[in-house]
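So you can see what is in the structure, the chains are spelled out below.
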Amino acid sequence: MSHEVEILLVEDCPEDAELTIRALRRNKIANVIQVAEDGAEALDFLFCRGAHKDRTFSNLPKLVLLDLKLPKVGGMEVLQAIRADERTRTIPVVVLTSSKEERDLIDGYNLGVNAYAQKPVDFEQFNETVKHIGMFWILVNQAPPPRPFVVGAAPAA
Amino acid sequence: MTSTSKAIAACALLIVAGIGMLSFWSEVRSEEDRAWVRHTYLAVEKLQAVRIDITQAETGQRAFMLSGQGRHLELFDAGVTQLRQDMNDLSELTADNSREREAIHRLDPLIAARLEELGDGIDTRRRSGLLAGVEMFTRANKREKLMDQIAAQIGAMRQTEDQLLSRRLDTAATSTRKIKVAIVCGNALAILILLAKGFVIHRETGKRNLAEQHLKCANERLERRTSELSETNIELESFAYSVAHDLRAPLRHIAGFSNVLVQDHSDQLDADGLRCLRKIEEGAHKMGSLVDDLLNLSKIGRQKLSIQNTSLDSLLGQVVADSAPERAGREVEWRIGDLSTADCDPGLMKQVFANLLSNAVKYTGKREHALIEVGQTTQHGERVIFVRDNGAGFEMQYVGKLFGVFQRLHKACDFEGTGVGLAIAQRIIRKHGGRIWAEAQLDRGATFSFTIGSPENHASAPLELPLPGEVLHVA
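Residues numbered from 1 in each chain as written. Chains lettered and ligands numbered in written order. Predicted model: local features only at pLDDT ≥ 70, side-chain atom pairs only at ≥ 80, totals over all residues. Heavy atoms only, no water.

A.B. asks: What exactly am I supposed to notice about the overall build of chain B here?
C.D. replies: Per the secondary structure count, chain B includes eight helices and seven strands. Across the 475 residues in chain B, those meeting the buried criterion constitute 39%. In chain B, the proportion of contacts linking residues at least 24 apart, taken out of those at least 6 apart, comes to 75%. Accessible surface computed for chain B: about 27,200 Å², of which carbon and sulfur atoms make up 56%. (Helix = DSSP H or I, 4+ residues; strand = E, 2+ residues; numbered from the N terminus. Buried < 20%, exposed > 50% of the residue type's maximum accessible area, 1.4 Å probe, protein only. Contact = heavy atoms within 4.5 Å. Areas by Shrake-Rupley, 256 points an atom, 1.4 Å probe, with all protein chains shown as cover.)

Shown next, in the form of structure tokens:
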């Protein structure tokens, strides 16, 4: 289980990706972090297709850290696709972006984002932000039970 | 309506009124004329009657002379009585004419003489019988002479009256004709004037239509320009936004990797190297604040006001409480008056108070005893809210620069800041339709005052154009 991906980091900017990973590592939050450089790659990974066709849905990440401005498929579309599919619907998604646009916030929450954070310029603050997100979603939060999970399948009393 | 048009209308009205008065006057005149004509006819009639009366008296007398019967005298007497009566009427009817009066004076003795003659005949017949009477009757010489004179006199009078009648008929006809001409001419003139007025109105309408068309064109141009400006403004705003937004990423990287260097590789750097890295971090941090303030400013420009009746006291209470970290370890005396409520956007108004109080706290930083006053007064019937401090103040000659973006009147090493706070406050106040201004003396403190304006004055235009001194200095 140690190789199980704990965080899928969807980030097209390698510097931001590196700084995020450094912050996570510095706080000893996650061991296995998968980086997807655009929305299409993120969807391939989550839906076990393309380069990731060997993966299974039983091995979903505990958290998706999602940037909004992404090449090919945008962050909002990725979020929409995750929430639209029953197999991925319950994965916690946290938007970590430069944008503090009200429109993005509203769209994000409408599409069912679990949290929304802006990347601070100051690295100390950035470090703190990433630490809080990781601590909560990886260490504190109770993840949904693994698939297969069928709503209403509990035996009748 | 222009003055020409009014003058024409007044002319037409005067003429129509004049025609009305003329008609009335002519009616009165022709009534008078008719009365005179009637009068003259009566006079002619009376002259005729006088002749008949005389003839009747003569007939009566002659019959008596022949028959000697008293009943023929009755005819004579009736003729005489009627003659007197008619002569009286005639003299009344001709009283207005001196010539006729004279004629009557001449006629009177002739008639009297004739009647006397007839009376004499009757007396003779009574006294001396038929023969004496006949004899007297046949002395016709004198009688015929008298009768001729009477006939001539009456004829003359008749002629005079006829002349009078024809003159009066002429007068009546002439004045009727004159009036007819006046009415026809007047009406024609009025119609002409009304036509002229119609023409003037037509021309004026044409002019007005032209002016309206010009106005419409101008409006369309203005609308087009407004929409162009609006588009440009939106482009500028999104440009500012994306510039600011895109600047954040490299900044984050500069700050981030400098920090990684300090944290993870400090053993390979000497003190100077570390100091340089800290400077890099500070620079990035400061630029980050600038970029964030710019983003805020651009956001306020695009934000719509949500006006509510807001308690300014509780807003101010929150802001004072929030400013606690800024003034940590310092002694600040607050004097806060009663501000009651105002119709404003609570979030934005809080931002105004936050920026003004933050300035006051910042610029009293070097005072041992900092005093910050917030209150309201009335100036020229307008409610003015002020924030006063006893801080560093500034020179009034630079007051024009105070509300400009990135404009600072103090050195960064004396007081930190990006120079956007007052620009934001001004933008918010202007959006509310109010004004903001400052008064200060160097080293003696500053007072910032503002009015909130009324909800009707709120800038309803969708675009907020940059105001003088508010140009973004991005370079």
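Let us keep going from here.
A.B. asks: What am I meant to see in the sheet that holds strand S2 (residues 33-36) of chain A here?
C.D. replies: All names here are of chain A. Within the open sheet, the five strands sit side by side as S2-S1-S3-S4-S5. Their pairing is parallel. This sheet does not close on itself; its edge strands, each paired only once, are S2 and strand S5 (115-118). Between one strand axis and the next, the sheet turns by 20 degrees as a mean value, whatever way the strands run. Docked against the sheet, helix H5 (residues 123-140) engages strand S1 (7-10), strand S3 (63-66), strand S4 (93-97) and S5, running at close to 175 degrees with respect to S4. (Pairing = 2+ DSSP bridges. Axes fitted to C-alpha atoms, helices over the stretch in contact; angles between N-to-C directions.)

A.B. asks: Just checking my understanding: could you explain the interface of chain B and chain A for this structure?
C.D. replies: Interface size, as often reported, equals the accessible area lost upon joining of the parts. Listed by partner, the interface residues are 19 residues for chain B and 22 residues for chain A. Summing both partners gives a buried area of about 1,900 Å² for chain B against chain A, and 51% of it is carried by carbon and sulfur. Viewed at the interface, chain A and chain B are joined by three salt bridges. Of the charged contacts in the structure, one is a salt bridge between arginine 26 of chain A and aspartate 264 of chain B, with a shortest N-O distance of 3.7 Å. There are eight residue pairs in polar contact (both at pLDDT 80 or more) connecting chain B and chain A. Breaking the side of chain B that touches chain A down by element, the ones donating at least two residues are helix H4 (140-265) and helix H5 (271-302) of chain B. Considering each element in turn, the side of chain B that touches chain A owes the most residues, 14 residues, to H4 of chain B. For the side of chain B that touches chain A, a count of residues per class yields six nonpolar, seven polar and six charged. (Buried area = accessible area lost by both parts, 1.4 Å probe. Salt bridge = Lys/Arg side-chain N within 4 Å of Asp/Glu carboxyl O. Polar contact = N/O pair within 3.5 Å; in protein donor to acceptor, adjacent residues only side chain to side chain. Nonpolar A, V, L, I, M, F, W, Y, C, P; charged D, E, K, R; others polar.)

A.B. asks: Explain the packing of helix H6 (residues 312-322) of chain B against helix H7 (residues 346-363) of chain B to me, please; I cannot follow it from the model alone.
C.D. replies: Residues and elements named next belong to chain B. Across the interface, H6 lies against H7 with an axial gap of 9 Å and an inter-helix angle of 50 degrees. Classed by the angle they form, the pair H6 and H7 counts as oblique. By crossing handedness, the relation of H6 to H7 is classed as right-handed. On the side of H6, the interface is formed by Leu312, Leu315, Leu316, Gln318, Val319, Val320 and Asp322, while H7 contributes Pro346, Met349, Lys350, Phe353, Ala354 and Leu357. (Parallel < 35°, antiparallel > 145°, perpendicular 65-115°, else oblique. Left-handed = near helix turned anticlockwise from the far one by under 90°.)

A.B. asks: I tried to follow helix H3 (residues 75-84) of chain A on my own but got confused; where do I start?
C.D. replies: Side chains of residues three or four places apart in an α-helix project in the same direction, reflecting 3.6 residues per turn. Residue and element names in this part refer to chain A. Within H3, burial applies to Gly75, Met76, Val78, Leu79, Ile82 and Arg83. Along the axis of H3, the buried positions cluster into a sector of 160 degrees, meaning they face one direction only. Against the buried residues of H3 lie helix H2 (39-46), S3, S4 and helix H4 (102-110). (Arc of directions from axis to C-beta.)

A.B. asks: Mind showing me how you'd approach the pairing of S1 of chain A here?
C.D. replies: Within a regular strand, side chains alternate between the sheet's two faces. All names here are of chain A. Burial of the side chains of S1 extends over both faces: Ile7 and Leu9 are buried on one face and Leu8 and Val10 on the other. You can see the chain leave S1, run along helix H1 (residues 14-26) and come back into S2, and the turn it takes is right-handed. Bridge count between S1 and S3: four bridges; the pairing is parallel. The residue of S3 that forms the bridge with leucine 9 is leucine 65. (Right-handed = clockwise from strand over helix to strand, strands pointing away.)

A.B. asks: Would you mind going over the packing of aromatic side chains with me for this structure?
C.D. replies: Within a pair of aromatic rings, the relevant descriptors are the distance that separates the centres and the angle that separates the planes. Enumeration according to the criterion identifies five aromatic pairs over all chains in this entry. Ring geometry for phenylalanine 47 of chain A and phenylalanine 57 of chain A: centres 6.3 Å apart, planes at 65 degrees, overall edge-to-face. Remark: phenylalanine 57 of chain A occurs in the loop between H2 and S3 and phenylalanine 47 of chain A occurs in the loop between H2 and S3; sequence separation between them is 10 residues. Where phenylalanine 353 of chain B meets phenylalanine 450 of chain B, the ring centres are 5.8 Å apart and the plane angle is 65 degrees; that geometry is what we call edge-to-face. Taken together, the positions of phenylalanine 353 of chain B in helix H7 and phenylalanine 450 of chain B in strand S7 (residues 445-450) put the pair 97 residues apart, joining distant regions of the chain. The class of phenylalanine 450 of chain B is buried, set by a relative accessible area of 0%. Positioned above the aromatic ring of phenylalanine 45 of chain A, the side-chain terminus of arginine 55 of chain A is 3.7 Å from the ring centre. (Phe/Tyr/Trp six-rings, centres within 6.5 Å; stacked < 30°, edge-to-face > 60°. Lys NZ or Arg CZ within 6 Å of the ring centre and 35° of its normal.)

A.B. asks: Teacher, can you tell me more about a nonpolar patch on the surface here?
C.D. replies: Residue and element names in this part refer to chain A. A cluster of nonpolar residues, Met135, Phe136, Leu139 and Val140, forms a patch on the protein surface that exposes about 370 Å² of accessible area. Positionally, phenylalanine 136 belongs in helix H5. The class of phenylalanine 136 is partly exposed, set by a relative accessible area of 39%. (Patch = residues over 30% accessible without salt bridge, like charges linked within 9 Å, V, L, I, M, F, W, Y side chains within 5 Å.)

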